[in-house]
Amino acid sequence: MEKVLVSACLMGQKVRYDGSDVKEESDAFQQLVSMYDVVAFCPEVAGGLPIPRVPAEIVGGTSSDVLAGKAKVLSKDGVDVTDAFVKGAQKTLQLCLEQGITQAFLTEKSPSCGSSQVYNGAFSGTKIIGQGITTALLRQNGITVHNQHQVNL
Ligand code: SF4
């Protein structure tokens, strides 16, 4: 059975910043889970961040800029958590490479897992077109990333 990477919070693991999950219950997603060998993973926890944690956003550029050392990830209380986000992305990529994973279904709007939208860095709830740090690194390495609403089997 082919392996796919899935955000741990979509699988019901309570790993989000506020200790919650966003378990995906759609029929299409449940079909995905039944058809593939799902590897559930949370980049932010893998990067060393605790549960719960202060929410964070990409500030001063894009996720690719963060990976290039030209922008940061800041928590809402102003702490620079860039290193943890980059470390989590690197661990996610390492997992995919080790396990032969070429497709991922990740949680939209997360600063790690978002694949078409993220928040704008002002902690105002405003979304912009963009992707999370982990998604950017996976895509740079040829891994296809969808969000939880793009299951098209
Ligand atoms: S980093 Fe990804 S897997 Fe972890 S809580 Fe955020 S969206 Fe879910």
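Residues numbered from 1 in each chain as written. Predicted model: local features only at pLDDT ≥ 70, side-chain atom pairs only at ≥ 80, totals over all residues. Heavy atoms only, no water.

- The name recorded for the protein chain in an unreviewed UniProt entry is DUF523 domain-containing protein, from Vibrio eleionomae.

## Some details on the site of the ligand
For step 1, the next point in the chain: Looking at the ligand, there are 14 residues lining it, with Cys9, Cys42, Glu44, Ser110 and Cys113 nearest.
For step 2, the next point in the chain: Here the residues of the shell around the ligand sort into seven nonpolar, four polar and three charged. (Near = heavy atom within 4 Å. Nonpolar A, V, L, I, M, F, W, Y, C, P; charged D, E, K, R; others polar.)

## Side note on the pairing of strand β4 (residues 72-75)
Side-chain direction in a regular strand flips from residue to residue, so the side chains alternate between the two faces of the sheet.
For step 1, the next point in the chain: Only one face of β4 is buried, namely the one carrying Val73 and Ser75, since none of Lys72 and Leu74 on the opposite face is buried.
For step 2, the next point in the chain: Pairing between strand β3 (residues 56-59) and β4: four bridges, direction antiparallel. Within β4, the position partnered with valine 59 by the bridge is lysine 72. (Buried < 20%, exposed > 50% of the residue type's maximum accessible area, 1.4 Å probe, protein only. Helix = DSSP H or I, 4+ residues; strand = E, 2+ residues; numbered from the N terminus. Pairing = 2+ DSSP bridges.)

## Regarding the packing of helix α4 (residues 82-99) against helix α5 (residues 133-140)
For step 1, the next point in the chain: Viewed as axis vectors pointing N to C, α4 and α5 meet at an angle of 40°, and their least axial separation amounts to 8 Å. In terms of axis orientation, α4 runs oblique to α5. Crossing hand, α4 versus α5: right-handed. Taken together, the residues of α5 that come into contact with α4 (itself represented by Phe85, Val86, Gly88, Ala89, Gln90, Thr92, Leu93 and Cys96) are Ile133, Thr134, Leu137 and Leu138. (Axes fitted to C-alpha atoms, helices over the stretch in contact; angles between N-to-C directions. Parallel < 35°, antiparallel > 145°, perpendicular 65-115°, else oblique. Left-handed = near helix turned anticlockwise from the far one by under 90°. Contact = heavy atoms within 4.5 Å.)

## Comments concerning the sheet that holds strand β5 (residues 103-106)
For step 1, the next point in the chain: The parallel open sheet is built from four strands, whose spatial order is β2-β1-β5-β8. Unpaired on one side and paired on the other, β2 (37-41) and β8 (144-147) mark the two borders of the sheet. Pairs of neighbouring strands in the sheet enclose a mean axial angle of 25°, with direction left out of account.
For step 2, the next point in the chain: In the packing of α4 onto the sheet, contacts are made with β1 (3-7) and β2, and the angle to β2 comes to roughly 160°.

## A closer look at the pattern of salt bridges
Note that side chains of opposite charge can pair when their charged atoms are close.
For step 1, the next point in the chain: All told, the structure shown has four salt bridges when counted by the stated rule.
For step 2, the next point in the chain: With a closest N to O distance of 2.6 Å, lysine 14 and aspartate 21 form a salt bridge.
For step 3, the next point in the chain: According to the relative accessible area criterion, lysine 14 is exposed, its value standing at 52%.
For step 4, the next point in the chain: Aspartate 21 sits in the partly exposed class, given a relative accessible area of 21%.
For step 5, the next point in the chain: For arginine 16, the salt bridge goes to aspartate 18, with nearest N and O atoms at 3.9 Å. (Salt bridge = Lys/Arg side-chain N within 4 Å of Asp/Glu carboxyl O.)

## What to know about unusual backbone geometry
For step 1, the next point in the chain: Backbone torsion omega between isoleucine 51 and proline 52 reads -5°, so that peptide bond is classified as cis.
For step 2, the next point in the chain: Examined against the element boundaries, proline 52 turns out to sit in the loop between α2 (43-46) and β3.
For step 3, the next point in the chain: With a phi close to 80°, lysine 109 is a non-glycine residue in the positive phi region.
For step 4, the next point in the chain: Checked against the element boundaries, lysine 109 lands in the loop between β5 and β6 (117-119).
For step 5, the next point in the chain: Look at phenylalanine 123: it is not a glycine, yet its phi comes out positive at around 55°.
For step 6, the next point in the chain: Looking at where phenylalanine 123 falls in the secondary structure, it is placed in the loop between β6 and β7 (127-129).

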